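The primary structure of each chain is shown beneath.
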Amino acid sequence: MFRTCDITGFKVDLRSEKLIRYNAVFAVISLLMAVVAALLLVFTRYQPMHLLGAEWYYRLVTFHGLNALIFWIIFFEVAGLYFGSTVILNTRFCSPKTGWWAFGLMVAGLVISNIIILMGKADVMLTSYTPLKAHPLYYLGIILFAVGALIAVILFFGNLMIARREKTYGETMPLVAYGLMTAAIIAVITLASGALIYIPTFLWSLGLIDNVDPAMYKLIWWGLGHSSQQINVAAMVSIWYMTSFLTVGGTSINEKVSRSAFVLYILFICLASAHHLLTDPGVSSAWKVWNTSYAMYLAVLASMIHAFAVPSSFEVAQRKWGFNKGLFQWLAKAPWGNPAFSAIILAIIGFGFIGGTTGVIFGMEQTNIIVHNTIAIPGHFKGTVVIGTTLTFMGITYYLIPLIFRRKIVGFKLAQWQPWLFFIGIAMLSIGMIVLGQLGVPRRHWDNTFSGGPFSHNFNPAVDFFWVITMLGGVIAFTATLIWILIVVFSVFWGPKVNGPQDMQLTISPLPPEGKPHKGFEAPGTLVLTFLFLLVFLALFFLNWKWLAATWNVN
């Protein structure tokens with residue numbers, strides 16, 4: 001039933017380990033389908049190539065969105081929830097049979113929905129706004145997947161209860177498990193929103209309900225669509241803390257503050273979905289202002305706390321290891337040869353400087369209107385969900401392969417470069433799309449020239465340059481993703497077995513020695529980097545308000 005890991009010393013429930021493996025495998029399969037569709041979409045939006053016709057373009061927009069934002073992310077997060085609630089807490093899995101039922105429902109949902117999309121019976125995009133109607137099996141597939149995911153979340157809470165009852169951890173739950181619990185709570189809220197809208201929509205597609213009000217649908221759907229990405233944020237930050245501990249022995253300089261930031265996520269981060277509704281007449285201006293200002297700022301405060309706490313945990317640990325000269329020796333001497341470490345650092349940079357800054361600016365009622373429903377919005381997604389979440393998940397996989405699959409990483413030298421290549425590609429793709437959106441390029445339109453339409457529009461000539469940047473970024477990111485998938489597949493199925501600590505290519509750091517007491521800030525380098533981030537944010541904030549003022553031609 002259990003094995004004792006000879007590398008970490010943790011007790012590993014063999015039944016939980018198998019569920020972690022299978023959920024992780026299907027996460028990788030989903031990501032592969034998503035990135036193939038993404039590359040075809042980039043080649044279609046780039047006008048000189050314009051690869052796909054209109055029907056297949058919108059078909060693959062649906063296919064890409066569902067596999068990238070739902071299936072890939074949630075399969076991986078379920079694997080993470082099982083890992084965090086059993087392996088990290090040294091406890092048994094509460095109900096393995098139910099875990100397999102949940103997995104089966106999720107796989108069935110993935111297969112059914114993807115088949116229906118590729119058959120051309122669900123060209124409704126991920127949002128599937130009514131009155132657009134898909135085949136009933138499309139909605140059924142999503143419902144089955146959501147039910148399986150909800151069961152997995154309930155099993156996670158069951159594992160926590162067993163761990164608490166059997167006292168398998170100390171007085172307080174480890175910060176990683178605490179963060180994953182936050183993700184699970186947000187997941188329950190998110191899945192409840194999905195049930196509220198997908199069940200009546202499914203009945204409508206069967207002809208059992210006359211109609212589903214489009215304004216109501218959009219309001220409730222974004223309780224699912226946007227909030228689901230907040231599950232990612234909580235899980236991603238949890239992995240950041242875990243990676244800091246694994247790579248340099250880093251811990252939060254104030255765990256109580258870090259835990260309070262997770263609580264702020266639960267209370268306020270789901271409200272940020274309001275920015276998708278800022279041009280809708282169905283909700284009041286007061287509601288829009290509250291959700292996109294005061295409430296959103298408390299969620300932003302939580303992210304700012306983590307943005308300081310995670311890098312400072314690296315810095316404090318490194319300084320205790322003796323790398324304490326100047327402001328940045330701790331960073332220069334960091335374990336950059338460890339692909340998990342480099343992936344997490346790059347994810348933090350991309351999430352903060354690209355995804356975070358644009359998230360606040362695009363989420364505000366006033367400045368949102370500059371880019372609302374332009375390609376800048378999915379450009380923002382690339383900075384958060386892709387550079388942030390996906391790169392983080394890629395990075396931690398380099399630890400999971402030897403610890404869970406008990407295999408060495410095949411092509412380790414290539415693995416060391418993969419996070420950098422992925423970061424560069426997605427950064428180019430994201431920045432290119434954001435600038436294109438600022439120049440007015442629409443979000444979902446198949447043809448940028450509007451050929452055959454009753455009107456024509458000439459974009460700023462700079463659009464051509466940024467389309468090239470976007471396309472090149474997409475190609476580089478696609479290549480890096482394929483490299484990661486090949487490394488994972490060859491390592492898991494054909495990699496040499498890990499027989500003990502001597503076979504670990506990625507070191508697991510012990511806790512650093514206690515350093516000498518020092519005066520001043522514990523993490524001065526992180527403080528300087530934080531001020532740098534704030535300066536960049538203020539510059540972008542001012543620039544967007546300047547653009548907003550320029551839209552009013554007042555003489």
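See the structure printed just above.
Reading the values: the criteria
Residues numbered from 1 in each chain as written. Predicted model: local features only at pLDDT ≥ 70, side-chain atom pairs only at ≥ 80, totals over all residues. Heavy atoms only, no water. Phe/Tyr/Trp six-rings, centres within 6.5 Å; stacked < 30°, edge-to-face > 60°. Helix = DSSP H or I, 4+ residues; strand = E, 2+ residues; numbered from the N terminus. Buried < 20%, exposed > 50% of the residue type's maximum accessible area, 1.4 Å probe, protein only. Axes fitted to C-alpha atoms, helices over the stretch in contact; angles between N-to-C directions. Parallel < 35°, antiparallel > 145°, perpendicular 65-115°, else oblique. Left-handed = near helix turned anticlockwise from the far one by under 90°. Contact = heavy atoms within 4.5 Å. Core = buried A, V, L, I, M, F, W, Y, C linked by side-chain atoms within 4.5 Å. Patch = residues over 30% accessible without salt bridge, like charges linked within 9 Å, V, L, I, M, F, W, Y side chains within 5 Å. Areas by Shrake-Rupley, 256 points an atom, 1.4 Å probe, with all protein chains shown as cover. Salt bridge = Lys/Arg side-chain N within 4 Å of Asp/Glu carboxyl O. Polar contact = N/O pair within 3.5 Å; in protein donor to acceptor, adjacent residues only side chain to side chain.

Engineer: Give a description of the packing of aromatic side chains that names residues and reports values.
Structural biologist: The geometry of two aromatic rings is summed up by the distance between their centres and the angle between their planes. Throughout the structure, instances matching the rule amount to 33 aromatic pairs. Seen in terms of ring centroids, Trp72 and Phe76 are 5.5 Å apart; in terms of plane orientation they differ by 55 degrees. Their pairing is tilted. Of this pair, Trp72 and Phe76 both sit in helix α2 (residues 54-87), four residues apart, roughly one helical turn. Just as Trp72 is buried, Phe76 falls in that class too. With a centroid separation of 6.0 Å and 80 degrees between ring planes, the pair formed by Trp240 and Phe351 is classed as edge-to-face. Remark: Phe351 occurs in helix α12 (residues 339-363) and Trp240 occurs in helix α7 (residues 227-248); sequence separation between them is 111 residues. Note on accessibility: Trp240 and Phe351 belong to one class, buried. An aromatic cluster of at least three residues, connected via ring pairs, comprises Tyr22, Phe26, Phe71, Phe75, Trp100, Phe103 and Phe145.

Engineer: I'd love a proper account of the packing of α7 against α12, names of residues and values included.
Structural biologist: Axis separation between α7 and α12 bottoms out at 10 Å; the angle between their running directions is 140 degrees. If you check the angle between α7 and α12, you find them oblique. Crossing of α7 against α12: the hand is left-handed. Contact residues: α7 offers Val233, Met236, Trp240, Thr243 and Thr247, while α12 offers Ala340, Phe341, Ile344, Ala347, Ile348 and Phe351.

Engineer: Explain the nonpolar core to me, and be specific about the residues and the numbers.
Structural biologist: One finds Phe75, Tyr138, Tyr198, Trp240 and Trp484 to be the most contacted residues of the largest nonpolar core, which totals 177 residues. In this structure Tyr138 touches Thr62, Leu66, Ser113, Ile116, Ile117, Ala122, Val124, Met125, Leu126 and Ser128, once residues within four positions along its chain are discounted.

Engineer: Go over a nonpolar patch on the surface with me, naming the residues and quoting the values.
Structural biologist: Taken together, the side chains of Leu327, Phe328, Val528, Leu529 and Leu532 define a hydrophobic patch exposed on the protein surface, amounting to about 360 Å² of accessible area. Residue position: Leu327 is located in the loop between α10 (294-320) and α11 (329-332). By relative accessible area, which is 38% here, Leu327 ends up partly exposed.

Engineer: So what's going on with the pattern of salt bridges? Residues and values would help.
Structural biologist: Counted by the stated rule, this structure contains seven salt bridges. In this structure, the salt-bridge partner of Arg59 is Glu55, at a minimum N-O distance of 3.9 Å. You can see Arg59 and its partner Glu55 sitting in helix α2, four residues apart, about one turn around the helix. A residue is classified by how much of its surface remains accessible, and Arg59, at 8% relative accessible area, is buried. If you follow the salt bridges from partner to partner, you end up with Glu55, Arg59 and Asp123 in one network.

Engineer: Talk me through the side chain of Ser252; I want residue IDs and the actual numbers.
Structural biologist: Summarising the element assignment, Ser252 is placed in the loop between α7 and α8 (255-268). You can call Ser252 buried: its relative accessible area is 10%. At 2.8 Å, the side chain of Ser252 forms a polar contact with the side chain of Ser258. Look past the residues within four positions of Ser252 in its chain and what remains in contact with it is Leu175, Tyr241, Ser258, Ala309 and Ser313.

Engineer: Requested: an account of the environment of Tyr398, with residues and values cited.
Structural biologist: Structurally, Tyr398 can be placed in helix α14 (residues 376-403). Expressed as a C-alpha distance, the spacing of Tyr398 and Asn67, which sit 331 residues apart in the sequence, is 22 Å. Excluding anything up to four places from it in sequence, Tyr398 contacts Pro339, Ala340, Ile409, Ala415, Gln418, Trp484, Ile487 and Leu506.

Engineer: Please give an account of the environment of Ser303 that cites residues and values.
Structural biologist: On the secondary structure map, Ser303 appears in helix α10. Under the relative-accessibility criterion, Ser303 is labelled partly exposed at 24%. With 41 residues separating them along the chain, Ser303 and Phe262 place their C-alpha atoms 8.8 Å apart.

Engineer: An account of unusual backbone geometry is needed here, citing residue identities and associated values.
Structural biologist: Cis geometry is found at the peptide bond from Thr130 to Pro131, where omega equals 15 degrees. Within the secondary structure layout, Pro131 lies in the loop between α3 (96-118) and α4 (136-165). In this structure, Met125 is a non-glycine residue whose phi angle is positive, near 65 degrees. Here Met125 lies in the loop between α3 and α4. Assessed through its relative accessible area of 14%, Met125 is described here as buried.

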